[in-house]
Amino acid sequence: MIEIVSRERCITCDKCVEVCPTGVFDLGPDGVPVIARQVDCQTCFMCEAYCPADALYVAPQAHPLPEAPDEADLARRGLLGSYREQIGWGHGRTPGARLAIGPALPSSSNVIIS
Ligand code: SF4
Ligand code: SF4
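Sequence order sets the numbering: in each chain, residues are counted from 1 along the sequence as written. Numbering of ligands from 1 and lettering of chains from A proceed in the order in which they are written. Reporting in this predicted model follows two pLDDT cut-offs: at least 70 for local features of residues, and 80 or more for side-chain atom pairs to be given and counted; totals over whole chains, interfaces and linings ignore these cut-offs and use all residues.

## As for the site of ligand 1
Okay, so step 1: Every one of the 14 residues lining ligand 1 counts as a neighbour, but Cys 20, Val 24, Cys 41, Cys 44 and Cys 47 are closest to it.
Okay, so step 2: Looking at side-chain class alone, the shell around ligand 1 contains 11 nonpolar, three polar and no charged residues. Only the C-beta atom matters for this test: placed from the backbone, it must lie within 6 Å of a molecule or strand for the residue to be near it. For this classification, Asp, Glu, Lys and Arg are treated as charged, while Ala, Val, Leu, Ile, Met, Phe, Trp, Tyr, Cys and Pro are nonpolar and the rest, including Gly, are polar.

Below is the structure:
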C-alpha cells in the first residue's frame, strides 16, 4: 500500500496522479501529490513504476503499516522507487520484458506471416 510521497524528491510531474487507477492522490497546493485516500490503494505499484524521481514508496503489504516508515531509512536501503528499478524502467535500464524467461523469440527474418 502506498506509504510515502517524498517532498524532497518529487518534481511535481503529476504522473502518479494520472496513473493511479483508484484516485488515491490529490494534488497539494504546491503541486506535490498527497495521499488523500490510502484505503483505496490496491498495491498495484503503478505510481512507483511511473515516478521518474523515485519519490514514492509502495509497501508490499495490502494494508497500512502500523507506523509510517522512515523516509531516510528507505532511501538508505534503496527502497524508494525500487519497484521501478526491478522492472527495468528508467534511463539506462533494461526493461524486464527483455529478461523474461521463456523460449527465444524468432528473429524477424524467420517469421512467416500468412
Ligand atoms: S499502488 Fe496503485 S492503487 Fe496504490 S496509490 Fe499507487 S497507483 Fe494508486
Ligand atoms: S510521479 Fe513522482 S515526481 Fe511525479 S508527481 Fe508523483 S511523486 Fe512527484
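## Quick notes on unusual backbone geometry
Leaving glycine aside, a negative phi is the common case for residues, and trans is the common case for peptide bonds.
Okay, so step 1: Look at Thr 12: it is not a glycine, yet its phi comes out positive at around 55°.
Okay, so step 2: Along the chain, Thr 12 falls in the loop between strand E1 (2–5) and helix H1 (15–19).
Okay, so step 3: Phi is positive for Thr 43, close to 55°, though the residue is something other than glycine.
Okay, so step 4: Strands here are runs of E lasting at least two residues and helices are runs of H or I lasting at least four, both read from the DSSP assignment and numbered beginning at the N terminus. Inspection of the secondary structure assignment puts Thr 43 in the loop between strand E3 (33–35) and helix H2 (46–50).

## Concerning the nonpolar core
Okay, so step 1: For this entry, the nonpolar core is defined as buried Ala, Val, Leu, Ile, Met, Phe, Trp, Tyr and Cys residues connected by C-beta atoms within 7 Å. Here a residue counts as buried when 20 or more other C-beta atoms fall within 10 Å of its C-beta, as exposed when 12 or fewer do, and as partly exposed in between; the C-beta atoms come from the backbone. Residues Ile 2, Cys 16, Cys 47, Ala 55, Leu 56 and Val 58 are the most contacted members of the largest nonpolar core, which totals 18 residues.
Okay, so step 2: When residues of this core are traced back to their parent elements, those giving at least two are E1, H2 and strand E4 (56–58).
Okay, so step 3: The contact criterion used here is simple: two residues whose C-beta atoms, placed from the backbone, lie within 7 Å are in contact. Excluding anything up to four places from it in sequence, Val 58 contacts Met 1, Ile 2, Glu 3, Thr 43, Phe 45, Cys 47, Glu 48 and Tyr 83.

## Points about the environment of Ala 49
Okay, so step 1: Secondary-structure assignment places Ala 49 in helix H2.
Okay, so step 2: Placed 33 residues apart in sequence, Ala 49 and Cys 16 show a C-alpha to C-alpha distance of 8.8 Å.
Okay, so step 3: Those residues in contact with Ala 49 that sit more than four places away from it in its chain are Tyr 83, Arg 84, Ile 87 and Trp 89.

## So, the environment of Cys 51
Okay, so step 1: Locating Cys 51 in the fold gives a position in the loop between H2 and E4.
Okay, so step 2: Its 28 C-beta neighbours within 10 Å are what place Cys 51 among the buried residues.
Okay, so step 3: Considering only alpha carbons, one finds Cys 51 and Arg 84, 33 residues apart in sequence, at a separation of 7.9 Å.
Okay, so step 4: Residues contacting Cys 51, with those up to four places away along its chain left out, are Lys 15, Cys 16, Leu 56, Gly 81 and Arg 84.

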